[in-house]
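# Understanding the architecture of this molecule
Residues per chain, in single letters:
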Number of protein chains: 2
Amino acid sequence: MKVVRKTARIRSEKQRGVEIIDQLIKKLPSWASGRGEQGDILLSTRIRLARNLYGIPFPSTAGDEELQAVVEAVEKACQQSRVFDGAVYLYLQQTDEISRKVLVERRLISPMFAEAKHPGMVVIDTAENISIMVNEEDHLRIQSIQPGLGLKEAWRVISRVDDELSEHLSYAFSEQFGYLTACPTNTGTGMRASILIHLPALSILDEVEQIIRELAPSEIAVRGFYGEGTEVIGNIFQISNQLTLGRTETAIIDRLEVVANKFIEMEQEARERLLKKQRVDLEDRIYRSLGILRHARIMSSLELMNHLSMVRLGVDMGFIDGLTPEILNELMIFTQPAHMQKLDQRLEDSHQRDVVRAEMIRQKIH
Amino acid sequence: MKVVRKTARIRSEKQRGVEIIDQLIKKLPSWASGRGEQGDILLSTRIRLARNLYGIPFPSTAGDEELQAVVEAVEKACQQSRVFDGAVYLYLQQTDEISRKVLVERRLISPMFAEAKHPGMVVIDTAENISIMVNEEDHLRIQSIQPGLGLKEAWRVISRVDDELSEHLSYAFSEQFGYLTACPTNTGTGMRASILIHLPALSILDEVEQIIRELAPSEIAVRGFYGEGTEVIGNIFQISNQLTLGRTETAIIDRLEVVANKFIEMEQEARERLLKKQRVDLEDRIYRSLGILRHARIMSSLELMNHLSMVRLGVDMGFIDGLTPEILNELMIFTQPAHMQKLDQRLEDSHQRDVVRAEMIRQKIH
């Protein structure tokens, strides 16, 4: 009887997890609203804090019971925090593969965490501004995402969350090193701040690498859309601070803000240059992408991202009317493979997805 | 005084040549009407006769005075023929480079003839159904073009012209060999019949070569859009008979009609197969081409021909409404480089032409 009841409980939790994901995929996360400072170039800003509980080994060496205890402690702490009113709690072990992929696509968990077999959890607030991965590389990876250049707002929110949670959780902290983390590169503030920035003009002119080289490459890291170990697609770069030790949080944020503004300025300058020297070629690229999106019958995610980049540039520069960054973000997020597959299980086949994706695009932008 | 008058005469003839070309480029030749039997696959049919005047060397060895005499004899003969009522007479030496290129683009003269420095002439009837190159490889190359599969009509027209001209011209003819020609491959009937056929489905399936191999390759030759020595572009093939000696004209025509029908049948069958097995891929190709034509800001002739091929297929198969073969032929003919340059001398620059071409396309098919 006990076994049956336990199975039933897991099923009900699985059921709840499915419903949560079903709800999630219908709406845009608030960071994708297209609003926010410098929102035409800077898609979003993210800050994450790595935290670990005192006296429990890091996830890579901890046993399942210890990890389960971490999950329960974090859940309890969140439930006592006002920030997490109405938040959802997803238990990784009861979350199926497609749902995990949806979470990766929404940038709520890392691709690595999606593969985890041990007890883990994701906490997500209603607007998807704040989320926590429990038992990824560290016990807690708290993340705050804001639209546009929102480093200060992200920092305000995440430090409030960090303060509230620390009232109920005992963090591993050393007076000498700061917050202790699984990977030494995170030790200190345990903070990483990053921006997701759209650099089509610099990409066309092949100048991104050069700017990165000039901007103290030891300090910043450039990654792809889905974070560490992923490719840059659609000319969208994730740029983050590299140093965490021996720096204050505000110093890191200020430095990244300088870097972000530098990229924005260079991208704007590159757009001006394209407009001046290669206007027709630029228009040709932009309108061809628009034409292909409006007409294609088969469209892969990757091809879509490349055309969206050109169309976004066209919208930003005033060539294209009637399309907004929000519509483009909807296309970018809702047409991702797991999002589509979650909505319609028949779309397991990638060719079939490419056909339906092309249909979704035509409906949105015709 | 005499010299001045002669210069004035040449100028006035040049002037007249310019006007003729100016008139020519504004209208579609009647073979491009898009009507005609099997006109969805078979664009046009052409028959040409090679004739030489008795007692005058072939153009490659004749002197300028002899060639001038040929020009005058042919002009006089044409003026006595009803077929050439209202026809225009263009003297090659008074026709500038761009105008010669226009004639090549309209398939009224060969690329080789466009380079000629010796006395030569082109006679063109008002509908461009009948034309004569004087002093190309042979003294006369009489050509009759019809829309669609019009071998019998082309033959009816050209043999009437041939009969009428032969009343006023003395042809070089041997009882043993037939009509004597500069190149022995033309000796006999002096006739070559050809079709211009659009084979997009067979091209997609990469089956054109195989069909040619099966269809007695010694008998037929496959060439590009502008004839001998030119490339196949936009999946349009020129297919002609190879043998002229020891065959009657009607035997040649009947044989080419069999070949034409075979190609039409194979192309239709290939379209059916594509529709059955790769419908979405086919639609994707067709609509992408349409989308690019509707949106591009820069378009080369070659790229246009390839997209036109897909759009033509889409029109033929009923995927695309509101476009006709005639509109597509207008795009194909009026956007050729010399046609554009003739209309606007500033379009000497090929990049500038590509920009204006894209504009013309958008106006036509939006």
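From a predicted model like this one, the values you see are computed outputs, not experimental measurements.

### Examining the overall build of chain A
- Scanning chain A from terminus to terminus reveals 13 helices and 10 strands.
- Taking 21 Å as the expected radius of gyration for a compact globule of 366 residues, we find that chain A reaches 21 Å, a close match to that expectation.
- Per-residue burial for chain A yields a buried fraction of 57% across its 366 residues.
- Of the accessible surface of chain A, which amounts to about 16300 Å², a share of 50% is contributed by carbon and sulfur atoms.
- Side-chain charges of chain A comprise 46 positive and 53 negative groups, with the mean position of each set lying 3 Å from the other.

### A word on the pairing of strand E3 (residues 121-124) of chain B
- Because side chains alternate across E3(B), one face comprises the buried residues B:Met121 and B:Val123, and the other comprises B:Val122 and B:Ile124, equally buried.
- Connecting the antiparallel pair E3(B) and strand E4 (residues 130-134) of chain B is a turn made up of five residues, with B:Glu128 showing a positive phi of about 60°.

### Some words on the packing of helix H11 (residues 325-334) of chain A against helix H13 (residues 350-365) of chain A
All names here are of chain A.
- The N-to-C vectors of H11 and H13 enclose an angle of 170°; their axes lie 11 Å apart at closest approach. Considering the angle they form, H11 stands roughly antiparallel to H13. Each of Ile327, Glu330, Leu331 and Phe334 in H11 lies in contact with H13, whose residues at this interface are Met360, Ile361, Lys364 and Ile365.
- Of the residues that constitute the contact of H11 with H13, the class distribution is six nonpolar, no polar and two charged.

### Topic: the relation of the copies chain A and chain B
- Least-squares fitting of chain A to chain B yields an RMSD of 0.1 Å, with the superposition described by an axial translation of 0.1 Å and a rotation of 180°. In symmetry terms, the pair is related by a two-fold rotation axis. Of every C-alpha in chain A, the one belonging to A:Gly291 sits nearest the axis of rotation, 2.2 Å from it.
- Of the residues that chain A buries at the interface, 100% are likewise interface residues in chain B, meaning the two copies contact each other through the same surface.

### Observations regarding the domain arrangement of chain A
All names here are of chain A.
- For chain A, the assigned domains read domain 1 (15-268) and domain 2 (278-364).
- Taken together, the 33 residues of domain 1 in the interface contact 25 residues of domain 2.
- Both faces combined, the contact of domain 1 with domain 2 buries some 2300 Å², and carbon together with sulfur accounts for 67% of it.
- At the boundary of domain 1 with domain 2, the tally comes to zero salt bridges.
- Our enumeration of links across domain 1 and domain 2 arrives at 10 residue pairs in polar contact (both at pLDDT 80 or more).
- Mapped by element, the contributors of at least two residues to the side of domain 1 that touches domain 2 are helix H1 (2-24), helix H3 (97-105) and helix H6 (200-204).
- In terms of residue count, H3 provides more of the side of domain 1 that touches domain 2 than any other element does, five residues in total.

### Section: the sheet that holds strand E1 (residues 42-51) of chain B
All names here are of chain B.
- Here eight strands make up an open sheet; going across it, the order is E2-E3-E4-E5-E1-E8-E10-E9 and the pairing antiparallel. Edge positions in the open sheet fall to strand E2 (88-91) and strand E9 (220-223), since each of these has one partner strand only. If you compare each strand with its neighbour and ignore which way they point, the axes differ by 20° on average.
- Strand direction decides the pairing type here: E9 and strand E10 (residues 236-241), joined by four bridges, are antiparallel. Bridging across to E10, Val222 finds its partner in Ile239.

### A look at helix H2 (residues 64-79) of chain A
- Over its 16 residues, H2(A) extends 23 Å from the first C-alpha to the last, a length consistent with the 22 Å expected when each residue adds 1.5 Å.
- Check the buried side of H2(A) and you find it contacts strand E2 (88-91), strand E3 (121-124), strand E4 (130-134), strand E5 (140-147) and helix H5 (151-166) of chain A.

### Here we look at the packing of aromatic side chains
- Going through the model one piece at a time under the given rule, you end up with six aromatic pairs over all chains.
- Between A:Phe173 and A:Tyr179, the aromatic rings sit 4.8 Å apart at their centres with planes inclined by 70°, giving edge-to-face as the arrangement.
- On the basis of relative accessible area, A:Tyr179 is assigned to the buried category, the value being 18%.
- Between B:Tyr287 and B:Phe319 the ring centres are 6.5 Å apart and the planes differ by 50°, which places this aromatic pair in the tilted class. Taken as a pair, B:Tyr287 in helix H9 (residues 279-295) and B:Phe319 in the loop between helix H10 (301-316) and helix H11 (325-334) lie far apart in primary sequence, 32 residues in all. The burial state of B:Tyr287 is the same as that of B:Phe319; both residues are buried.
- A network of ring pairs unites the aromatic residues A:Tyr171, A:Phe173 and A:Tyr179 as a single cluster.

### Structural notes on the pairing of strand E10 (residues 236-241) of chain A
- With six of six residues buried, E10(A) lies mostly within the body of the structure.
- Of the two faces of E10(A), the one holding A:Ile236, A:Gln238 and A:Ser240 and the one holding A:Phe237, A:Ile239 and A:Asn241 are both buried throughout.

### Focus on helix H13 (residues 350-365) of chain B
- For H13(B), with 16 residues, the first-to-last C-alpha span of 22 Å sits near the 22 Å given by 1.5 Å per residue.
- Three or more residues of H13(B) are buried, namely B:Arg353, B:Asp354, B:Val355, B:Arg357, B:Ala358, B:Ile361, B:Arg362 and B:Ile365.
- In this structure, the buried residues of H13(B) make contact with helix H9 (279-295) of chain A together with H9, H10, H11 and helix H12 (337-343) of chain B.

### A word on the side chain of A:Asp354
- Looking at where A:Asp354 falls in the secondary structure, it is placed in helix H13.
- Those residues within four positions of A:Asp354 in sequence are excluded, and the remaining contacts are A:Arg297, A:Ile298, A:Met299 and A:Ser300.

### A word on the interface of chain A and chain B
- Counting residues at the interface gives 18 residues for chain A and 18 residues for chain B.
- Taking both partners together, chain A and chain B bury about 1600 Å²; carbon and sulfur atoms supply 60% of that area.
- In terms of surface lost to chain B, no three residues of chain A exceed A:Arg288, A:His295 and A:Arg297, which account for 40% of the buried area on that side.
- Taken together, the links from chain A to chain B amount to two salt bridges.
- Its salt-bridge partner being B:Glu303, residue A:Arg288 comes within 2.7 Å of it at the nearest N-O pair.
- At the junction of chain A and chain B, the tally comes to 10 residue pairs in polar contact (both at pLDDT 80 or more).
- Among the secondary structure elements, those contributing two or more residues to the side of chain A that touches chain B are H9 and H13 of chain A.
- It is H9(A) that contributes the most residues to the side of chain A that touches chain B, 11 residues altogether.
- When grouped by side-chain class, the residues that make up the side of chain A that touches chain B number eight nonpolar, three polar and seven charged.

### A look at the pattern of salt bridges
Residues and elements named next belong to chain A.
- Under the definition given, this model contains 40 salt bridges over all chains.
- Its salt-bridge partner being Lys27, residue Glu128 comes within 3.5 Å of it at the nearest N-O pair. With a gap of 101 residues between them, Glu128 in the loop between E3 and E4 and Lys27 in the loop between H1 and strand E1 (42-51) connect regions that are remote in the sequence.
- For Lys27, a relative accessible area of 34% gives the class partly exposed.
- In this structure, a network of salt bridges that share partners links the residues Glu136, Glu137, Asp138 and Arg141.

Conventions adopted
Residues numbered from 1 in each chain as written. Chains lettered and ligands numbered in written order. Predicted model: local features only at pLDDT ≥ 70, side-chain atom pairs only at ≥ 80, totals over all residues. Heavy atoms only, no water. Helix = DSSP H or I, 4+ residues; strand = E, 2+ residues; numbered from the N terminus. Rg over C-alpha atoms; globule rule 2.2 N^0.38 Å. Buried < 20%, exposed > 50% of the residue type's maximum accessible area, 1.4 Å probe, protein only. Areas by Shrake-Rupley, 256 points an atom, 1.4 Å probe, with all protein chains shown as cover. Lys, Arg positive; Asp, Glu negative; His and termini not counted. Charge placed at Lys NZ, Arg CZ, Asp CG, Glu CD. Pairing = 2+ DSSP bridges. Axes fitted to C-alpha atoms, helices over the stretch in contact; angles between N-to-C directions. Parallel < 35°, antiparallel > 145°, perpendicular 65-115°, else oblique. Contact = heavy atoms within 4.5 Å. Nonpolar A, V, L, I, M, F, W, Y, C, P; charged D, E, K, R; others polar. Least-squares fit on C-alpha atoms with pLDDT ≥ 70 in both. Domains from an automatic or database assignment. Buried area = accessible area lost by both parts, 1.4 Å probe. Salt bridge = Lys/Arg side-chain N within 4 Å of Asp/Glu carboxyl O. Polar contact = N/O pair within 3.5 Å; in protein donor to acceptor, adjacent residues only side chain to side chain. Expected span 1.5 Å × (residues − 1). Phe/Tyr/Trp six-rings, centres within 6.5 Å; stacked < 30°, edge-to-face > 60°.

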